[in-house]
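Results of the structural survey
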Amino acid sequence: MSLSPTGALRHAGNLFAMALDVVRTLPRRPFQAREFIQQAWFIASVTILPTALVSIPFGAVIALQIGSLTRQLGAQSFSGAASVLAVLREASPIVTALLIAGAGGTAICADLGARKIREEIDAMEVLGIDPIHRLVVPRVLASMAVAVLLNGLVSVVGVAGGYFFNVILQNGTPGAYLASFTTLAQLSDLWAAEIKALVFGAIAAIVASYKGLTAKGGPKGVGDAVNQSVVITFMLLFVTNFVMTAVYFQVVPQRG
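Just so you know, the residues in each chain are numbered from 1, in the order the chain's sequence is written. Whole-chain, interface and lining totals are the exception, using all residues; otherwise, since this is a predicted model, local features are given only for residues with pLDDT of at least 70 and side-chain atom pairs are given and counted only at 80 or more. Calculation of side-chain values draws on the structure's entire complement of heavy atoms; hydrogens and water are dropped beforehand.

Our next topic: the overall build of the protein chain. Here a strand is any run of E in DSSP of at least two residues, a helix any run of H or I of at least four, and the numbering for each starts at the N terminus. When helices and strands are tallied, the protein chain shows nine helices and zero strands. For the protein chain, the sequential pattern of α-helices and β-strands runs α-α-α-α-α-α-α-α-α. For every residue, the accessible area obtained with a 1.4 Å probe (protein chains only) is divided by the maximum for its type, and the residue is called buried under 20%, exposed over 50%, and partly exposed between those limits. Within the protein chain, the proportion of its 256 residues that are buried is 46%. Note on contacts: a residue pair qualifies if any of its non-hydrogen atoms lie within 4.5 Å across the two residues. In the protein chain, of all internal contacts separated by at least 6 residues, the share reaching a separation of at least 24 is 86%.

Another point: the packing of helix H8 (residues 187-213) against helix H9 (residues 218-251). How two helices sit against one another is set out by the angle between their axes and by the gap between those axes. To get an axis, a line is fitted to the C-alpha atoms, and for a helix only the part in contact is used. The angle between two axes follows their N-to-C directions and goes from 0 to 180 degrees. Interhelical geometry of H8 versus H9 gives an angle of 155 degrees and a closest axis separation of 9 Å. If you check the angle between H8 and H9, you find them roughly antiparallel. In terms of crossing hand, the pair formed by H8 and H9 is right-handed. Residues Ser188, Asp189, Ala192, Ile195, Lys196, Val199, Phe200, Ile203, Ala204, Val207, Ala208 and Lys211 of H8 lie in contact with H9, whose contacting residues are Ala225, Gln228, Ser229, Ile232, Thr233, Leu236, Leu237, Thr240, Asn241, Met244, Thr245 and Tyr248. Note that Gly is not counted as nonpolar here; it falls among the polar residues with everything else outside the nonpolar set of Ala, Val, Leu, Ile, Met, Phe, Trp, Tyr, Cys and Pro and the charged set of Asp, Glu, Lys and Arg. Across the contact of H8 with H9, the residue classes break down as 14 nonpolar, seven polar and three charged. Here the word oblique covers every angle except those under 35 degrees (roughly parallel), over 145 (roughly antiparallel) and from 65 to 115 (roughly perpendicular). Here is the rule for handedness: rotate from the far helix to the near one, and if that takes an anticlockwise turn smaller than a right angle the crossing is left-handed, while a clockwise turn gives right-handed.

Before going further, it helps to spend a moment on the packing of aromatic side chains. Stacked, tilted and edge-to-face pairs are distinguished by plane angle, under 30 degrees for stacked and over 60 for edge-to-face with tilted covering the rest, among Phe, Tyr and Trp rings (Trp via its six-membered ring) whose centres lie within 6.5 Å. Under the definition given, this model contains two aromatic pairs. With 5.9 Å between their ring centres and 50 degrees between their planes, Phe31 and Phe36 make a pair best called tilted. Here Phe31 falls in the partly exposed class, since its relative accessible area comes to 36%. Here Phe36 falls in the partly exposed class, since its relative accessible area comes to 22%. Both rings, one in Tyr248 and one in Phe249, keep their centres 5.9 Å apart while their planes meet at 50 degrees; by these two values the pair is tilted. Residue Tyr248 is classed as buried on the basis of its relative accessible area of 11%.

Here the focus is the UniProt feature "transmembrane region" (unreviewed entry) in the protein chain. Residues given the UniProt feature "transmembrane region" (unreviewed entry) here are residues 40-64, 140-165, 190-210 and 230-251. Across residues 140-165, the secondary structure splits into 100% helix and 0% strand, with the terminal C-alpha atoms separated by 36 Å. Across residues 190-210, the secondary structure splits into 100% helix and 0% strand, with the terminal C-alpha atoms separated by 30 Å. UniProt positions are given in the numbering used here, feature names are shortened, and annotations may be inferred rather than shown by experiment.

A few words now on helix H5 (residues 131-169). To estimate how far a helix should extend, the number of its residues minus one is multiplied by 1.5 Å. Over its 39 residues, H5 extends 53 Å from the first C-alpha to the last, a length consistent with the 57 Å expected when each residue adds 1.5 Å. Two axes define the bend at a residue: one fitted to the seven residues ending there, one fitted to the seven starting there, and the bend is the angle between them. The largest bend along H5 measures about 30 degrees and falls at Val137, with the proline Pro138 one to four residues further on. Counted as a polar contact is a pair of N or O atoms within 3.5 Å, where, for protein atoms, one must be capable of donating a hydrogen and the other of accepting one, and residues adjacent in sequence contribute only when both atoms are in side chains. Two to three positions downstream of the cap, the backbone nitrogen of Ile132 sits 3.1 Å from a side-chain oxygen, assigning the N-cap of H5 to Asp130. Remark: Asn171 follows H5 within two positions and exhibits a positive phi of approximately 55 degrees.

So, about the nonpolar core. Core analysis: the biggest nonpolar cluster contains 41 residues, and Ile100, Ile132, Val136, Val140, Val146 and Leu213 have the highest contact counts within it. Of all the secondary structure elements, the ones that give two or more residues to this core are helix H1 (5-25), helix H2 (33-73), helix H3 (79-117), helix H4 (120-126), H5, H8 and H9. Ranked by residue count, the leading element in this core is H8, at 11 residues. Ignoring any residue separated from it by four or fewer positions in sequence, one finds Ile132 in contact with Met18, Asp21, Val22, Thr25, Val137 and Leu213. Definition of nonpolar core: a set of buried residues of the types Ala, Val, Leu, Ile, Met, Phe, Trp, Tyr and Cys, connected through side-chain atoms within 4.5 Å. Ranked by size, the runner-up nonpolar core spans seven residues in total, among them Ile62, Ile66, Val84 and Val87.

On the surface, Val239, Phe242, Val243, Val247 and Val251 cluster together into a nonpolar patch covering about 490 Å² of accessible area. With respect to the helices, strands and loops of the structure, Val247 is situated in helix H9. Patch construction takes residues with relative accessible area above 30% that form no salt bridge. Like charges are linked within 9 Å, and nonpolar side chains (Val, Leu, Ile, Met, Phe, Trp, Tyr) are linked within 5 Å. Computed with the Shrake-Rupley method and a 1.4 Å probe, the accessible areas treat only the protein chains shown as cover for residues. The salt bridge criterion pairs a side-chain nitrogen of Lys or Arg with a carboxyl oxygen of Asp or Glu, the two atoms within 4 Å.

For the rest of this paragraph, the subject is H8. Here H8 contains 27 residues, and its C-alpha end-to-end distance of 39 Å stays within 8% of the 39 Å for a straight helix at 1.5 Å per residue. Within H8, 20 of the 27 residues are buried, which leaves the element mostly enclosed by the surrounding structure.

It is the contact of H5 with H8, at a shortest axis distance of 8 Å, that shows an interaxial angle of 145 degrees. Classified by chirality, the crossing of H8 by H5 is right-handed. Contacts between H5 and H8 pair Ile132, Val136, Arg139, Val140, Ser143, Met144, Ala147, Val148, Asn151 and Gly152 from the former with Ala193, Glu194, Ala197, Leu198, Gly201, Ala202, Ala205, Ile206, Ser209 and Leu213 from the latter. In terms of residue class, the contact of H5 with H8 is made up of 13 nonpolar, five polar and two charged.

Quick look at the structure:
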């Protein structure tokens, strides 16, 4: 990737143009159902176990920090509510996004990059086959679907891990922890997290596809494209997360 301002702007514009092409191509028929199922299964297979393992320490750290804080403030009855709120709103979509980008996105970028340097993409274009419709759209939809499902998995595992560490290690009260779930959290928090995961999955797949389709320079170029796709995706995810969180707080009234 060029480090000059004009090069960065050109890449940003091309990435945005490709995102628009993906949106424009979504309703086109025939839908590549087989490719979608294969990609969804592959992304799920490489992300489910790491996501579950990562969400446990996330939930544990949140529970330990919040449990210590609420004990200092004399508000132990709110430890469950605060832990659930932190896991649902921020931890679950962020963990999902990082695993989708780090595991699924790298695989997508490497696959498309290998096809590009073997000139398979050029051959498809010569035959009149649109690579966006044939290869990119199924991968974007698969990444979005898996991200939504993984977000639910992270929420469940994170809350369960937080409950275990709060009750076992900090001598919390199980009944109070469970009874306070709905004190601060609400159903809209879960829906907001699912929407975040949906958007994050789309961003990860689009960036990975763009870097894969523009890879050049042989195998080394594919490796560089994979590294760049992860860095760019992480930057975009954190910026997008900030914007979506700010909009959510302005639109949805919070419980006090």
